[in-house]
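What follows is the residue order along each chain.
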Amino acid sequence: MLRRLAALLLVLGVVAGCGEERAGEGQATLWVTRDRGAHVVVTAQVPAGISAMEALRRKADVDTRYGGRYVQAVNGIEGSLTARHDWFYYVNGYEADVGAADYTVHDGDVIWFDYRGWAGQMRVPVVVGAFPEPFLHGWAGDRRPTVIEGGPPSLEGKLAKLVGASIGLDRSANRLRLVPGTGLRAQLTGSPGDPVVFTLGRQTAKRLLADPAAVRFRYSVP
């Protein structure tokens, strides 16, 4: 009996020491950047089904706080209340409102940790740098419909294919608004998963059709 108990404790010790969560099906993308995406630290593929924190741990050295639920440092880059710099994370462009240990990664998600100053602006509820997210995978596995508006019809049609959108009126949908000129800006009123409004200059839209990654790691494009 004592031998069986010792063996069980040994197995539990190994499992606790490993600390890896069991992965599910599918893959997600992990990004780690600094200064609103200006400097890229890590880009990698991670399995779905694990927490955002576990995804980060598998590809970087991580220190945590508040019982392991929030990121304190990544690869030695440490948050500081005094310096007013910290780690923020985004899921498909949405700024997360739960700790990284509490978000389960879904197939196709873009999990983005960014280290930035917050003295002038604490929250940035939604960003454009994971485009064509959040139109493709939404939040927590729940994808909203998308409406494109602003014409011309030929450009709307091409963008609809890129983001999986329809053309018409739906008050519960994400909106991609085309305007003259350049730029890409995002707006969210509410919580992650609520409808977003992306305002996209037609010249930038043509650039994105040629290269959907053209705005990668950007909070917005002027």
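See the structure above.
Rules of the game
Residue numbers run consecutively from 1 along every chain, following the written order of its sequence. Where local features are concerned, this predicted model is filtered to residues with pLDDT of at least 70; where side-chain atom pairs are given and counted, the filter is 80 or more; whole-chain, interface and lining totals use all residues. Think of the side-chain values as coming from all heavy atoms in the structure, minus any hydrogens and water. Exposure is judged per residue with a 1.4 Å probe applied to protein chains only, and the accessible area is read against the type maximum: over 50% gives exposed, under 20% gives buried, and values in between give partly exposed. Secondary structure follows DSSP: runs of H or I at least 4 residues long count as helices, runs of E at least 2 residues long count as strands, and numbering of each begins at the N terminus. Arc definition: directions from the helix axis to the C-beta atoms. The contact rule is simple, with two residues in contact once any of their heavy atoms fall within 4.5 Å. We call two strands paired when DSSP finds no fewer than two bridges between them.

Draft legend 1. Quick peek at helix 4 (residues 202-210). Within helix 4, the full set of buried residues consists of T204, A205 and L208. Buried residues along helix 4 cover an arc of 105° about the axis, so they all sit on one side. Considering only its buried residues, helix 4 is in contact with helix 3 (153-163), strand 10 (174-179), strand 11 (184-188) and strand 12 (196-201).

Draft legend 2. Spatial organisation of the pairing of strand 6 (residues 85-91). Counting buried positions over the 7 residues of strand 6 gives 6, a clear majority of the element. Examined bridge by bridge, strand 6 and strand 8 (residues 110-117) share 7 bridges and lie antiparallel to one another. Following the sheet pairing, W87 is matched in strand 8 by Y115. Here strand 6 pairs with strand 7 (residues 94-95) via 2 bridges, running antiparallel. Looking across to strand 7, one finds that Y90 is bridged to E95.

Draft legend 3. The pairing of strand 1 (residues 27-34), seen in detail. Among the 8 residues in strand 1, 6 count as buried, and that is most of the element. Pairing of strand 1 with strand 2 (residues 39-47), which is carried by 8 bridges, proceeds in the antiparallel orientation. Looking across to strand 2, one finds that V32 is bridged to V42. Hairpin geometry of strand 1 and strand 2 is characterised by an intervening segment of 4 residues between the two adjacent antiparallel strands and by a positive phi of about 55° at D35. Of the strand pairs in this sheet, strand 1 and strand 8 are connected by 6 bridges, and their pairing is parallel. What sits directly across from W31, in strand 8, is W112.

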